Amino acid sequence: MTAHRDHPYRLSRRRLLGLTAAAAGLSATRWSPLAAFAQVQTTRGTLPNGLTVLVEERPSADTVALQLTARVGAREDGPVSGSALLTSRTMFQGTTHRPSESALQREAALVGGTVSRGTTAEQSFYASAMPSSEVDLAFDLLSDVVGDPLMDETAFARQKTIALQELAQRRTSSASQIEDVFLPAVFAGHPASSPVNGRAESIEVMQLDT
């Protein structure tokens, strides 16, 4: 994805795609049996590809929750405000094997699970919660979204429209307007001042990198 051709700006999608190996590496992780009375513990490790893995075991739970996170958020947008959010959203619009967001959501829902995404000032993430018996599907969904997104032109245009509509809605809310003024003022001159939702002038000129 780039900005207007007169001012090219290549997004850090590569950093998000770098999580592909993460899901593959994580698939080897399994929850070892613990005594029923054992306390919840968090185990930290690093895979050969550099991915940091945190595992929190809850022996009494019959579900598994995964979150794949990249340190790529609004503060990384640079001059193209809103680019991290729009990239994350477009990647979530479908893959080669699951060609739409509804296909992703439906496959998770059929086994009683969920799949979601989010972007903040500091990070972008994809998450899935599943019955523990469907943990392989959870890993597969996340690795598919990160490793094989369609980045479809039509889906991208639709997400741009949605982003612009959301910005227009924020202008009708006094609380949102205060937030949009307050944060840039507090973090003036710092990358954290970049609004997660972006600015209309930046979103309007964004294009997919073909």
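Here the structure is a predicted model, which means the values were calculated and not measured.

**Here we look at the pairing of strand 1 (residues 41-46)**
For strand 1, the buried fraction is low: 0 of the 6 residues fall into the buried class. Sheet topology places strand 1 next to strand 2 (residues 52-57); 6 bridges connect them, and they run antiparallel. In the strand pairing of strand 2, G45 is matched with V53. Adjacent in sequence and paired antiparallel, strand 1 and strand 2 are bridged by 5 residues, among which G50 carries a positive phi angle near 95 degrees.

**Description of the pattern of salt bridges**
According to the stated counting rule, one finds 8 salt bridges in the structure shown. When the shortest N-O distance is used, the salt bridge between R75 and E122 registers 3.3 Å. Residue R75 is found in the loop between strand 3 (63-70) and helix 3 (83-91), and its partner E122 is found in the loop between strand 4 (114-119) and strand 5 (124-131); the two are separated by 47 residues along the sequence. The exposure class of R75 is partly exposed, given its relative accessible area of 28%.

**A closer look at the nonpolar core**
Within the largest apolar cluster, 27 residues are counted, with the highest numbers of intra-cluster contacts made by Y126 and M130. Mapped onto this core, the elements with two or more residues apiece are strand 3, helix 3, helix 4 (101-109), strand 5, helix 5 (135-147) and helix 6 (153-170). In terms of residue count, the dominant contributor to this core is helix 5 (8 residues). Setting aside chain neighbours within four positions, we find Y126 in contact with L66, Q67, L68, S88, M91, F92, S116, R117, L142, V145 and V146.

**Notes on the pairing of strand 4**
Examined bridge by bridge, strand 4 and strand 5 share 6 bridges and lie antiparallel to one another. Bridged to T119 within strand 5 is S124. Connecting strand 4 to the antiparallel partner strand 5 that follows it, the hairpin turn spans 4 residues.

**What about the packing of helix 3 against helix 6?**
Closest axis-to-axis distance for the helix 3/helix 6 pair is 10 Å, and the angle between their directions is 135 degrees. As the angle between them shows, helix 3 and helix 6 are arranged oblique. As for how helix 3 packs across helix 6, the hand of that crossing is right-handed. Across the interface between the two elements, L86, R89 and T90 from helix 3 touch F156, Q159, K160, I162, A163 and E166 from helix 6. Residues belonging to the contact of helix 3 with helix 6 are distributed by class as follows: 4 nonpolar, 2 polar and 3 charged.

**Comments concerning unusual backbone geometry**
The backbone of M151 sits at a positive phi, close to 50 degrees, despite the residue not being glycine. Relative to the helices and strands, M151 is located in the loop between helix 5 and helix 6.

**Quick notes on the packing of aromatic side chains**
Applying the stated rule across the entire model yields 1 aromatic pair. Ring centres of F92 and Y126 lie 6.1 Å apart, and the angle between their planes is 25 degrees; on these two criteria the pair is classed as stacked. With F92 in the loop between helix 3 and helix 4 and Y126 in strand 5, the pair connects residues that are 34 residues apart, well separated along the chain. Per residue, the accessibility class of F92 equals that of Y126, and both read buried.

**Some words on the sheet that holds strand 5**
Ordered by their spatial adjacency, 3 strands build an open sheet running 3-5-4, and the pairing between neighbours is antiparallel. The open sheet terminates on both sides in strands that have one partner only, identified here as strand 3 and strand 4. For this sheet the average axis-to-axis angle between neighbouring strands, irrespective of direction, equals 15 degrees. For strand 3 and strand 5, the ladder comprises 8 bridges, and the chain directions are antiparallel.

**Some points on helix 5**
The end-to-end C-alpha separation of helix 5 is 18 Å, in line with the 18 Å expected for 13 residues at 1.5 Å each. Among the 13 residues in helix 5, 10 count as buried, and that is most of the element.

Parameters at a glance
Residues numbered from 1 in each chain as written. Predicted model: local features only at pLDDT ≥ 70, side-chain atom pairs only at ≥ 80, totals over all residues. Heavy atoms only, no water. Buried < 20%, exposed > 50% of the residue type's maximum accessible area, 1.4 Å probe, protein only. Helix = DSSP H or I, 4+ residues; strand = E, 2+ residues; numbered from the N terminus. Pairing = 2+ DSSP bridges. Salt bridge = Lys/Arg side-chain N within 4 Å of Asp/Glu carboxyl O. Core = buried A, V, L, I, M, F, W, Y, C linked by side-chain atoms within 4.5 Å. Contact = heavy atoms within 4.5 Å. Axes fitted to C-alpha atoms, helices over the stretch in contact; angles between N-to-C directions. Parallel < 35°, antiparallel > 145°, perpendicular 65-115°, else oblique. Left-handed = near helix turned anticlockwise from the far one by under 90°. Nonpolar A, V, L, I, M, F, W, Y, C, P; charged D, E, K, R; others polar. Phe/Tyr/Trp six-rings, centres within 6.5 Å; stacked < 30°, edge-to-face > 60°. Expected span 1.5 Å × (residues − 1).

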